[in-house]
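The residues making up each chain are set out below.
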Amino acid sequence: MKKATKVLTLALAMIMLAGVLTACGGGSKNGSTLTFGTNPEFPPFEYVTSNGVIGEFDGIDMAIAKQIADENGMTVAMESMEFDSLLVALQNGQIDAVIAGMTATDERRETVDFSTTYYTATQVMIVKEDSDITKATDMADKKICVVQGYTGEVCVQEMGYSYEAFKKGTEAVLELVNGKCDVVVIDSATAKKYVGDNEGLKIVEDASAFESEEYAIAVQKGNTELLDKINASIEKMLSDGTINELAVKYTEEATAE
Ligand code: GLN
């Protein structure tokens, strides 16, 4: 082959390769983009802000997601959707993984696989400062608010109490602030954020009524390739203190706002 032809052939090959790479990179499954789904209504884990760690998304989970992608040489993408839709979107391949302060429950394990636990929380009760609720059974004759599809809803259901479910934590808390309900059952770290943001509220804990909940990242059942990568990153972030630092940083920021 003449030199000029060789150069031309090489150039053509590179253009074709670039085309292939672009085609892969754009897809969410096998390319270099790792697409997570979240519901950014759950501070300090995920919330929308003007300048977040992933576009407009910020929080502990967002920093974790970004680091997982970075460590694996992938670009991170975040899709925002209703909490209830996350596992469906994962199952139908719209997203690669779910990171949403999601508790790894046995019920959810029937449809998806979960990573190593990266955070442990519990349900708590947010009440008005002058409330007479001191334990979970005190909720029996009270008006209870929960968020739809959260483990808090499942807990209250299992206790056999009636309740009203809202789409967002902020809506449930507003109901409490306005005196339209007596108690909001929600995850501990998020409860602290809401109590910090609103006057006149306090947290009531009841360790005998609410079990500890383990937050984990969900992937499609059997996607061990991705799960191994995620687990390796989480274990590293747990042992080198990254997750602890993120929890402190975002908890302080969230309550200082
Ligand atoms: N940990 C709760 C659950 O898994 C709430 C999660 C969330 O709202 N993001 O249901």
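Since the structure is predicted, the reported quantities are computational estimates derived from the model, not experimental observations. (Residues numbered from 1 in each chain as written. Predicted model: local features only at pLDDT ≥ 70, side-chain atom pairs only at ≥ 80, totals over all residues. Heavy atoms only, no water.)

### Some words on unusual backbone geometry
What is expected of a backbone is that most residues other than glycine have negative phi and most peptide bonds are trans.
Here's step 1: Cis rather than trans, the peptide bond between Pro 43 and Pro 44 has omega equal to 0°.
Here's step 2: In this structure, Pro 44 sits in the loop between β2 (41-42) and β3 (46-48). (Helix = DSSP H or I, 4+ residues; strand = E, 2+ residues; numbered from the N terminus.)

### Considering the sheet that holds strand β4 (residues 57-58)
Here's step 1: With antiparallel pairing, the three strands of this open sheet are ordered in space as β2-β3-β4. Two strands bound the open sheet, and with one partner strand each, they are β2 and β4.
Here's step 2: As defined by bridge partners, β3 adjoins β4 across two bridges and the pair is classed as antiparallel. Within β4, the position partnered with Tyr 47 by the bridge is Asp 58. (Pairing = 2+ DSSP bridges.)

### A look at the sheet that holds strand β5 (residues 75-80)
Here's step 1: With respect to topology, five strands assemble into an open sheet ordered β5-β1-β6-β14-β7, the strand pairing being mixed. The two strands at the open ends of the sheet, each matched to only one other strand, are β5 and β7 (112-114).
Here's step 2: Relative to β5, strand β1 (residues 33-38) runs parallel, the two being bridged by six bridges. Bridge pairing in β5 places Thr 35 opposite Ala 77.
Here's step 3: Here helix α2 (residues 60-71) sits on the sheet in contact with β1 and β5, set at roughly 145° to β5.
Here's step 4: Lying over the sheet, helix α8 (residues 224-239) contacts β1, β6 (97-98), β7 and β14 (218-220), oriented at roughly 160° with respect to β14. (Contact = heavy atoms within 4.5 Å. Axes fitted to C-alpha atoms, helices over the stretch in contact; angles between N-to-C directions.)

### Regarding the packing of α2 against α8
Any two packed helices are characterised by the angle at which their axes cross and by the distance between the axes.
Here's step 1: Two numbers describe how α2 lies on α8: the axes approach to 10 Å, and their chain directions differ by 115°. As for how α2 packs across α8, the hand of that crossing is right-handed. Packed against α2, whose contacting residues are Ile 64, Gln 67, Ile 68 and Glu 71, the element α8 presents Ile 230, Ser 233, Ile 234, Lys 236 and Met 237 at the interface.
Here's step 2: Tallied by class, the residues present in the contact of α2 with α8 amount to five nonpolar, two polar and two charged. (Left-handed = near helix turned anticlockwise from the far one by under 90°. Nonpolar A, V, L, I, M, F, W, Y, C, P; charged D, E, K, R; others polar.)

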